[in-house]
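# Structural features, examined
Letter by letter, the chains look like this.
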Amino acid sequence: DLSDLKISSYLAGLIEGDGTIIVPNTERSAKGKINYPSIQIVFHLKDLPLALMIQKELKNGSLSRKKGVNAYILTINNFEGLLLLTSLINGNMRTPKIYALNNLIDWLNSKFKEINIPTKLLNNSSLNSNAWLSGFIEADGHFSVRTTTTSKYSRVECKFELTQRQIDHNGRNNLDFLEIIANFLLSSVKAIRVDKPKPEYRVRTTSLNGNLVLENYLNTFPLFGSKYLDYKDWIKVLDYFKLGTFKHKVNMEEVISIKSNMNDGRTVFTWDHLNKFYNLD
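Residues numbered from 1 in each chain as written. Predicted model: local features only at pLDDT ≥ 70, side-chain atom pairs only at ≥ 80, totals over all residues. Heavy atoms only, no water.

Here the focus is the sheet that holds strand β5 (residues 141–149). Pairing is antiparallel in the open sheet, where four strands are placed in the order β5-β6-β8-β7. Taken across any chain shown, the strands that pair with only one partner, and hence form the sheet edges, are β5 and β7 (189–192). The sheet shows a mean angle of 35 degrees between the axes of neighbouring strands, direction not considered. Docked against the sheet, helix α6 (residues 175–184) engages β6 (154–165), β7 and β8 (200–204), running at close to 10 degrees with respect to β8. (Pairing = 2+ DSSP bridges. Helix = DSSP H or I, 4+ residues; strand = E, 2+ residues; numbered from the N terminus. Axes fitted to C-alpha atoms, helices over the stretch in contact; angles between N-to-C directions. Contact = heavy atoms within 4.5 Å.)

Okay, the layout of surface pockets next. Roughly 600 Å³ of internal volume is contained in the largest pocket. Surrounding the largest pocket, 23 residues form its lining, E16, G19, K97, D168 and H169 being those nearest its centre. Of all the secondary-structure elements, those providing two or more residues to the lining of the largest pocket are α1 (6–18), β1 (19–22), α4 (98–111) and β6. It is β1 that contributes the most residues to the lining of the largest pocket, four residues altogether. The volume enclosed by the second largest pocket comes to roughly 460 Å³. Surrounding the second largest pocket, 20 residues form its lining, H44, K46, D47, A139 and K227 being those nearest its centre. Within the residue set of the lining of the second largest pocket, elements represented by two or more residues are α1, β2 (38–44), α5 (132–140), β5 and α8 (227–243). A per-class count over the lining of the second largest pocket returns seven nonpolar, five polar and eight charged. (1 Å grid on protein atoms, 1.4 Å probe; cavity = no way out; pocket = protein on both sides within 12 Å on 5 of 7 lines; lining within 4 Å. Points joined across faces, edges and corners; volume = space filled by probe spheres on them. Nonpolar A, V, L, I, M, F, W, Y, C, P; charged D, E, K, R; others polar.)

This part covers the pattern of salt bridges. Enumeration over the complete set of coordinates arrives at 10 salt bridges. The closest approach of N and O atoms between K196 and D195, which form a salt bridge, is 3.8 Å. The class of K196 is partly exposed, set by a relative accessible area of 40%. The partner of E215 in a salt bridge is K242, with the nearest N and O atoms 2.9 Å apart. (Salt bridge = Lys/Arg side-chain N within 4 Å of Asp/Glu carboxyl O. Buried < 20%, exposed > 50% of the residue type's maximum accessible area, 1.4 Å probe, protein only.)

On their own, these measurements won't tell you what the molecule is for.
Listed below in structure tokens is the structure:
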């Protein structure tokens, strides 16, 4: 049982945000090929160094470029890798993806009679107690700086947001765990895109105090992908608000400069922070 390591909760959050746990319904395909289960984690192209680091720590998995999409996929489908990753994330799950993990555990238990992996309940410990949320933010979080530059009302907003489908592809509602995240960030869950085929929920920070909760958390359980760089720029803007002396017009140029190099605008990437990535050994 490796569920108490820092990397364990981080990987659970990452997989619940941008991962898929696939368990075959039949032992063989229509053409007679053996079907194997797999755990897949999707990474944006710019997060290749993080994907390679996770592959290196797990000592398992193959990394492939996904055609037509700006993404790499880390696929773990060998028994050793599946047993290792299951042991890490079992007990750290907080979303309906726990059902897919439990299906995988049932499959592994039936395949290997000498093992007996327990299916653990949803983790309901405080979000502040482990790295799950940082893994989940790595997958689905967005650090946003908004600037309004009309001459009369120059405004800057510094917010963080998460969006998720309301109903996952298995028909399960994502509201419960999002409400826990929203409460943690002193915010609430809002239904958006309600007239679209796949309506979503959004959690967005709405106060300085909510942003400070997030800053304190991420100082303890840091990000490791390119979002870490966006977060550090976001903090530069947040620092103005923390001083209580923010002059929207006076500081606007610097904020616009910071914003222009965040998220999709980023062209320079440094990866020194990966030196502190969680060590499985």
